[in-house]
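One-letter residues, chain by chain:
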Amino acid sequence: MDKKREKTISKFLSYALRHGPDDVGIELAEGGWTDVPALLEAASRKGHTISVEELEQVVANNDKQRFALSEDCARIRANQGHSVSVEIDHTVATPGEHLFHGTVRKFIPSIREQGLLKGNRQHVHLSAERETAAKVGQRRGKPVILIVRAAAMRAAGHTFYLSANGVWLTEHVPEEYILYPG
Ligand code: HQG
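Residues numbered from 1 in each chain as written. Predicted model: local features only at pLDDT ≥ 70, side-chain atom pairs only at ≥ 80, totals over all residues. Heavy atoms only, no water.

Peer 1: I'm lost on the environment of Phe 100 in this one. Help?
Peer 2: When you line up the elements, Phe 100 lands in strand 5 (residues 99-103). Assessed through its relative accessible area of 12%, Phe 100 is described here as buried. (Helix = DSSP H or I, 4+ residues; strand = E, 2+ residues; numbered from the N terminus. Buried < 20%, exposed > 50% of the residue type's maximum accessible area, 1.4 Å probe, protein only.)

Peer 1: Explain the sheet that holds strand 8 (residues 161-162) to me, please; I cannot follow it from the model alone.
Peer 2: Paired through their backbone hydrogen bonds, the strands of a sheet run either parallel or antiparallel. The four strands are arranged 4-8-9-6 in an open sheet whose pairing can be described as antiparallel. Strands with a single pairing partner mark the edges of an open sheet, and in this sheet they are strand 4 (91-92) and strand 6 (124-126). Across two bridges, the pairing between strand 4 and strand 8 is antiparallel. Counted as the bridge partner of Thr 91 is Leu 162 from strand 8. (Pairing = 2+ DSSP bridges.)

Peer 1: Which parts of the structure should I look at to understand the packing of helix 1 (residues 3-19) against helix 4 (residues 52-61)?
Peer 2: Geometrically, a packed helix pair is captured by the angle between its two axes and the distance between the axes. It is the contact of helix 1 with helix 4, at a shortest axis distance of 10 Å, that shows an interaxial angle of 85°. Compared by their axis directions, helix 1 and helix 4 come out roughly perpendicular. Facing helix 1, whose interface residues are Arg 5, Glu 6, Ile 9, Ser 10 and Leu 13, helix 4 presents Glu 54, Leu 55, Gln 57, Val 58 and Asn 61. By residue class, the composition of the contact of helix 1 with helix 4 is four nonpolar, three polar and three charged. (Axes fitted to C-alpha atoms, helices over the stretch in contact; angles between N-to-C directions. Parallel < 35°, antiparallel > 145°, perpendicular 65-115°, else oblique. Contact = heavy atoms within 4.5 Å. Nonpolar A, V, L, I, M, F, W, Y, C, P; charged D, E, K, R; others polar.)

Interpretation note: all reported values are geometric properties and have no functional meaning in isolation.
Take a look at the structure:
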């Protein structure tokens, strides 16, 4: 499958499994899981005819491992990044001293006032590597990398989760735990 086709399918899956299941005509069960045949039928109704083999390839090759298939390949879900409300059993985990968040300059004044907010998503997304944060920020322009004093936050009672694809998640990062560049 060429990269363009993979990307089209990945984008459709992100929309269906994270943001617009109702619009696509599927239901997400506990944990965000949905039946593969139902998903493929719904995709087809929306003009995306996807074979089971293509679906499995996209899940396996996805650059960020955004999706997971159940062991029997009967069900699929997005590992994280939902805007619709789903209960995902993210693992509670203890981060190292610092985590990183990539953003852009125009958001800084508001971040200084409110800390990092989850916005439409279910959590604030953080990464253990600076380079990952740079890539996330780059989606919106010149990236600004914020350092989150994660160990201090954890010590103060905030909970962190590590998603199945390695994204660190938390409810809110209060301003006092953020270190700004420069
Ligand atoms: C910013 C993609 C103003 C925040 C990526 C970000 C990531 C504030 C934006 C994943 C703010 C939210 C998540 C505040 C935060 N005032 N702006 N108080 N607090 N922001 O997309 O972290 O391709 O919801 O800095 O690669 O950018 O979807 O979050 O710029 O992994 O798998 O508000 O999404 O992955 O944007 O990205 P997002 P994000 P996928």
